[in-house]
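Survey of secondary and tertiary structure
Okay, here's what each chain looks like letter by letter:
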Amino acid sequence: MKAEKSPRRAVPAADRTRQPTEVRRRLIVEAAVPLIAERGYASVGVRDVAAAAGVSVGTVTYHFGSVQEILSEAMVLQIERYYKGLSEAADQATSGAEGLRLLVDALFTEDTDRHWRMWFEYWNVGEHHPDPAFARGQDRRYESWHRQIRTLAERALEGGITSVDLDGFTVRFAALADGLALQRLRQTPPLTVEDARRHLRHFIETELGRGPGS
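Residues numbered from 1 in each chain as written. Predicted model: local features only at pLDDT ≥ 70, side-chain atom pairs only at ≥ 80, totals over all residues. Heavy atoms only, no water.

Things to note about the environment of Ile 36
The topology assignment puts Ile 36 in helix α2 (residues 21–39). Separated by 39 residues in the primary sequence, Ile 36 and Met 75 have C-alpha atoms spaced 8.0 Å apart. Residue contacts for Ile 36: discarding those within four places in its chain leaves Tyr 41, Val 44, Leu 71, Ala 74, Met 75, Met 118 and Glu 121. (Helix = DSSP H or I, 4+ residues; strand = E, 2+ residues; numbered from the N terminus. Contact = heavy atoms within 4.5 Å.)

Right under this line is the structure:
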């Protein structure tokens, strides 16, 4: 007589779809990005992130110590991804002038408003963030951004004007881009993508003595 086989136990759904910790963390962080862009950092909670990621609240709290940790990682992820794309485009340019043109065009498109919302949230959160590493990361991000602008301007001037204050140009370019982005988001007064680009191109031409496409 054959022994009866033990009935097979059903495998819990969570076990059937279990993913490595780093994959699950990335899924949760990715889901938080559009929430911050749409609602703002302070208006997103653990339940919002869990619903957007399609996981339970318990899964979120298992992988992260706080909603602030999730949102901070989400902002860094979005900003690093955005500026990596800018850097890659500028690096492929055949000249500094072309690189500046590509930079201007990439900073303002119909799809970059979300980035700018995240950018301003990123800096606002940094003022009160409990982890000093977050502020250090901000410093590194802005230093890298300034280096990129300065390098492109320096390349654009090769064989041309040598008396330009490149450090001053860099500071003013970054400040103008931030200011135009804020006006673009507030629309007070109204500002189109093309007008924002035009203002930056005019600034480059005035400061460097040439247009960004010359």
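Considerations on the pattern of salt bridges
One side chain can pair with another of opposite charge once the charged atoms of both are near each other. Using the criterion set out here, one finds 18 salt bridges in the structure. In this structure, Asp 105 and Arg 101 form a salt bridge, with 3.6 Å as the shortest nitrogen-oxygen distance. A residue pair is termed a helical-turn pair when its members lie 3 or 4 positions apart in one helix, as Asp 105 and Arg 101 do in helix α6 (residues 96–107) at 4 residues. On the basis of relative accessible area, Arg 101 is assigned to the partly exposed category, the value being 30%. Where salt bridges share partners, they join Glu 98, Arg 101, Asp 105, Glu 194, Arg 197 and Arg 201 into one cluster. (Salt bridge = Lys/Arg side-chain N within 4 Å of Asp/Glu carboxyl O. Buried < 20%, exposed > 50% of the residue type's maximum accessible area, 1.4 Å probe, protein only.)

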